[in-house]
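Listed here are the chains, written in short residue letters.
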Amino acid sequence: MGILRKIFFNLSSEKTLRKKSEKISKKLDKLDYNSKKHTRLSNKSVDYVNAVSRKSAGKLPKREHGWYISKDD
């Protein structure tokens, strides 16, 4: 992955990254699975999916630590 792509991933929004990932997946559906172009686009798609997951990691619901003790006592 190049430096410019890393900068793009850091500066762009999650919505933009998802749109680009969808476009790449549509292109992948049209290509032959055993071609070199498919492999390159697939690797690019993985980079986009990883960037989206990094952006959305902080939005997951947080779990409370500790044991749940019922108050029925």
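Residues numbered from 1 in each chain as written. Predicted model: local features only at pLDDT ≥ 70, side-chain atom pairs only at ≥ 80, totals over all residues. Heavy atoms only, no water.

Moving on, we get to the environment of Ile24. Considering the arrangement of structural elements, one finds Ile24 in helix α2 (residues 14–30). On the basis of relative accessible area, Ile24 is assigned to the buried category, the value being 7%. Spatially, the C-alpha atoms of Ile24 and Leu41 are 6.9 Å apart, while their sequence positions differ by 17 residues. Leave out the neighbours within four places in its chain, and Ile24 touches Leu41, Lys44, Ser45 and Tyr48. (Helix = DSSP H or I, 4+ residues; strand = E, 2+ residues; numbered from the N terminus. Buried < 20%, exposed > 50% of the residue type's maximum accessible area, 1.4 Å probe, protein only. Contact = heavy atoms within 4.5 Å.)

Before going further, it helps to spend a moment on α2. For α2, which comprises 17 residues, the first-to-last C-alpha distance of 25 Å matches the rise-based estimate of 24 Å (1.5 Å per residue) to within 8%. Buried residues of α2: Glu14, Leu17, Ser21, Ile24 and Leu28, and no others. Here the buried residues of α2 occupy an arc of 90° about the axis, which is enough to place them on one side. Of the residues in α2, the exposed ones pointing more than 90 degrees away from the buried face are Lys15, Lys23, Lys26, Lys27, Asp29 and Lys30. The secondary structure elements touched by the buried residues of α2 are α1 (3–11) and α3 (36–56). (Expected span 1.5 Å × (residues − 1). Arc of directions from axis to C-beta.)

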